[in-house]
Every structure is written in C-alpha cells, then in structure tokens.
Amino acid sequence: MTSGSVVSLRDAVREAVRALSDAGISSAEFDAVALAACALKTTTSEVHKLMIMGAPVPAGFDDLVAERARRVPLQHLTGRAGFRRIELCVGPGVFVPRFETELVAGLAIAHLRQASRVRTVVVDLCTGSGAIALAIKDEVPAAQVYGVELSELAHAWAIRNRDDLGLDVDIRLGDATAAFPDLEGDVDVVVCNPPYIPVGAIPNDPEVRDHDPEIALYGGSHDGLRIPLEVAARAGFLLRPGGLFVMEHADVQGRSLPAALATTGLWQDIQDHEDLNGRPRAVTAVRAR
Ligand code: GLN
C-alpha cells in the first residue's frame, strides 16, 4: 500500500461522524471518537492527539462504525460502560446502565454517608450489571452490600464486574420479590432500578428497543408499575423501621408511584426526585415504624 492510500485517523473520524449522524445518532462525534479509542485500545484524549499528529486510521475502525450505524449500542461495541467512579463490562444480555441511574445511586450514597451507624446493610434489587450495588460499595466501602438479579445472563455480567473490580458484594441469582429471606428487617437502604416501562410503550431508540433485554425494560402492566410495586413490597419486608427505599421510575410515574406507595401504609416521608433534565425520575420513602 502506498502512503497516499492510507486514510488518516482524522478523515476517518470525520467520515464516521457523518455516517453516524445520518443514522440518527445524536452523539455522533462522541461515539466516533470512542470507537476510534476502542480500535486503538487507548483513551479518547489520546485519539484527539493522534488526529492532530496525522496518525493513520486503525484496522477495525470502519467495522465498528458500520455496526454503530446499525444502531448497535456504543457500549456493546466498546464492551464498557462508565457508572459514577467505576467502569462496567456490558454486552448482549445485560441492560446498559444509564446516566440518570447514577443520580439514583447517588441518593442512596448520600444517605449512607450521613448515616450514624457504623455497619450499614444495603440491598440492590434488580441489579443487572451490578452497577448500583458496585458503585455503592466503591464509594461507601464500610457498607455491607448485596444485589440480586433474575436473569442468568445479566447475573453473569454482574459477577464478572464484581470480580474484575475486586469489590466485596454478595450478588445472588433470583427473584427480587422473594430475595434475601436472611436479611428481613435488617436492611438500612434498599435501592432499585426495576423494569418500569409501561407495556405497549415501545422505546424509540433501537439501542434500547432491540438490544436491552426486555426483562429489564417492561414493568408488566399498562402503567408499568406492577413489577416496581411488587419489588417495593419486598423492600418493605427487608428494611428495618426507619430504613430508606430508593426506586427509579419512568417520567410518567412521578405521581402514580408515590401515590401507590402511600396507599400501602408501609412508608413515610415519600418524596419524588427529578433527574438533570427536570423529569420525575426516582422516589424515596422511609420504612414506617
Ligand atoms: N431507564 C430505562 C430506559 O431508559 C427503562 C428501564 C429501566 O431503567 N429500568 O429505557
């Protein structure tokens, strides 16, 4: 090959941004650079430097861009997803952790940081990749952290993430609505990002619709609240009186989920919280005494 036929990294990234934009991807520039970093096995800041220095496009970049243009999630192509201070391995069979869930985990972390107890017990119901449970253990090392996941595939990702990160979290395979009989009444914080999309409300983004596991998406009823409320009932059993419940929800559930929790008599101080886009995103409630 003559040097004249070598495509520069800069041109290849520029072309990729165009292809990804044409495919309807709003984060085309970010994604193109991230895929170049993946192909080069380096960081995105190094990619920017290499573009300025006139480096050639790496092998495999075009294939990654073509896959992404087919709306395969970026995180499935890079195999990684950042979540708060940790990086998780993700791929087919596991829900890709979302930015808004970092804030949900943050509600639990903030509560644990100001807790007066030395030994706190935290449970993550529907842990998926392990994102929330592992981030909590990473940021509040003194907490005793547990997670449970129903899908065997997702559970395997969570175990891999736990072992890669070297975090001491008890991650079990099973149904959140019956999980942790050994912890009933002993838990300080239950946090949960359940499947909550209303059945029939099919997500627009192909990355979500076609690649996130359905078991992680749909809440099992037309209002999407059947599974969240079953899981909330379990949280009520697990928490000690005064313990905190944190649950993510759909933006259309900012009134209905708090109202449904209020009717059970299990909860006090029920509060709803917005995400950074100003949309209702999570409920917190304290286990009544
Ligand atoms: N947040 C998901 C989405 O954006 C929905 C399901 C969930 O997080 N539990 O598609």
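Residues numbered from 1 in each chain as written. Predicted model: local features only at pLDDT ≥ 70, side-chain atom pairs only at ≥ 80, totals over all residues. Heavy atoms only, no water.

1. Some remarks on the overall build of the chain
Check the secondary structure of the chain and you find 12 helices and 9 strands. Since a compact globule built from 289 residues should have a radius of gyration of about 19 Å, the 21 Å found for the chain is in line with a globular shape. Dimensions of the chain along its principal axes, counting C-alpha atoms only, are 75 × 40 × 35 Å. In the chain, buried positions account for 53% of the 289 residues. Put simply, 64% of the contacts in the chain that link residues at least 6 apart link residues at least 24 apart. Carbon and sulfur atoms make up 52% of the accessible area of the chain, which amounts to about 13,600 Å² in all. In the chain, 28 side chains carry a positive charge and 39 a negative one; their mean positions are 4 Å apart. (Helix = DSSP H or I, 4+ residues; strand = E, 2+ residues; numbered from the N terminus. Rg over C-alpha atoms; globule rule 2.2 N^0.38 Å. Buried < 20%, exposed > 50% of the residue type's maximum accessible area, 1.4 Å probe, protein only. Contact = heavy atoms within 4.5 Å. Areas by Shrake-Rupley, 256 points an atom, 1.4 Å probe, with all protein chains shown as cover. Lys, Arg positive; Asp, Glu negative; His and termini not counted. Charge placed at Lys NZ, Arg CZ, Asp CG, Glu CD.)

2. A few points about the sheet that holds strand E5 (residues 169-173)
Read across the open sheet, the 7 strands follow the order E5-E4-E3-E6-E7-E9-E8; overall the sheet is mixed. Each edge of the open sheet carries a strand with a single partner, namely E5 and strand E8 (267-274). Here the strands of the sheet are splayed against their neighbours by 15 degrees on average, with no regard to which way each runs. The pairing of E8 with strand E9 (residues 280-287) spans 6 bridges and is antiparallel. Among the inter-strand pairings, Gln268 is bridged to a residue of E9, identified as Val286. Running over the sheet, helix H6 (residues 99-113) touches strand E3 (121-125), strand E6 (187-192), strand E7 (239-248), E8 and E9 and is turned about 160 degrees from E7. On top of the sheet, helix H11 (residues 226-238) reaches E3, E6, E7, E8 and E9; it is set at about 155 degrees to E7, its chief contact. (Pairing = 2+ DSSP bridges. Axes fitted to C-alpha atoms, helices over the stretch in contact; angles between N-to-C directions.)

3. With respect to the packing of aromatic side chains
As enumerated under the stated definition, the model contains 2 aromatic pairs in all. Aromatic side chains Tyr146 and Phe180 sit 5.6 Å apart centroid to centroid with 70 degrees between the ring planes, which places their arrangement in the edge-to-face category. Remark: Phe180 occurs in the loop between E5 and E6 and Tyr146 occurs in strand E4 (residues 144-149); sequence separation between them is 34 residues. Across this residue pair, the class does not change: Tyr146 and Phe180 are buried. Taking the centre distance of 5.0 Å and the plane angle of 25 degrees together, the rings of Phe245 and Trp267 count as stacked. With Phe245 in strand E7 and Trp267 in strand E8, this residue pair connects regions lying 22 residues apart in the sequence. For the pair Phe245 and Trp267, a shared accessibility class is recorded, and that class is buried. (Phe/Tyr/Trp six-rings, centres within 6.5 Å; stacked < 30°, edge-to-face > 60°.)

4. Things to note about the pattern of salt bridges
Throughout the structure, instances matching the rule amount to 22 salt bridges. Arg234 is the partner of Glu184 in a salt bridge, and the nearest nitrogen-oxygen pair spans 3.0 Å. Taken as a pair, Glu184 in the loop between E5 and E6 and Arg234 in helix H11 lie far apart in primary sequence, 50 residues in all. Here Arg234 falls in the buried class, since its relative accessible area comes to 8%. (Salt bridge = Lys/Arg side-chain N within 4 Å of Asp/Glu carboxyl O.)

5. Looking at the pairing of E3
In terms of residue burial, E3 counts as a mostly covered element, since 5 of its 5 residues are buried. Along E3, one buried face is formed by Val121, Val123 and Leu125 and the opposite face, lined by Val122 and Asp124, is buried too. Taken together, the 5 bridges between E3 and E4 define a ladder with parallel strand orientation. Counterpart to Val121 in the pairing with E4 is Gln144. In this fold, the crossover linking E3 to E4 by way of helix H7 (residues 131-139) has right-handed handedness. (Right-handed = clockwise from strand over helix to strand, strands pointing away.)

6. Focus: the site of the ligand
Neighbouring residues of the ligand: Phe95, Arg98, Asn193, Pro194, Tyr196, Ile197, Val208, Ala216 and Glu248. Between an oxygen atom of the ligand and a side-chain N or O atom of Arg98, the distance comes to 3.3 Å. In the environment of the ligand, a nitrogen atom lies 2.8 Å from a nitrogen or oxygen atom belonging to the side chain of Asn193. Its free accessible area being 280 Å², the ligand has 88% of it covered by the protein chains. Here the residues of the shell around the ligand sort into 6 nonpolar, 1 polar and 2 charged. (Near = heavy atom within 4 Å. Polar contact = N/O pair within 3.5 Å; in protein donor to acceptor, adjacent residues only side chain to side chain. Nonpolar A, V, L, I, M, F, W, Y, C, P; charged D, E, K, R; others polar.)

7. Examining the environment of Phe180
By relative accessible area, Phe180 is classed as buried at 2%. Distance from Phe180 to Ser45, taken between C-alpha atoms, is 44 Å for residues 135 residues apart in sequence. Excluding its chain neighbours within four sequence positions, the residues that come into contact with Phe180 are Val123, Leu125, Tyr146, Gly147, Val148, Arg172, Arg234 and Leu238.

8. Some points on the packing of helix H2 (residues 28-40) against helix H3 (residues 44-52)
H3 packs onto H2 with a crossing angle of 90 degrees between their chain directions and a minimal axis gap of 8 Å. As summarised for this structure, H2 and H3 are arranged roughly perpendicular, according to the angle between their axes. When H2 is examined against H3, the residues Val33, Ala34, Ala36, Ala37 and Leu40 are found in contact with a partner set consisting of Thr44, Val47, His48, Leu50 and Met51. (Parallel < 35°, antiparallel > 145°, perpendicular 65-115°, else oblique.)

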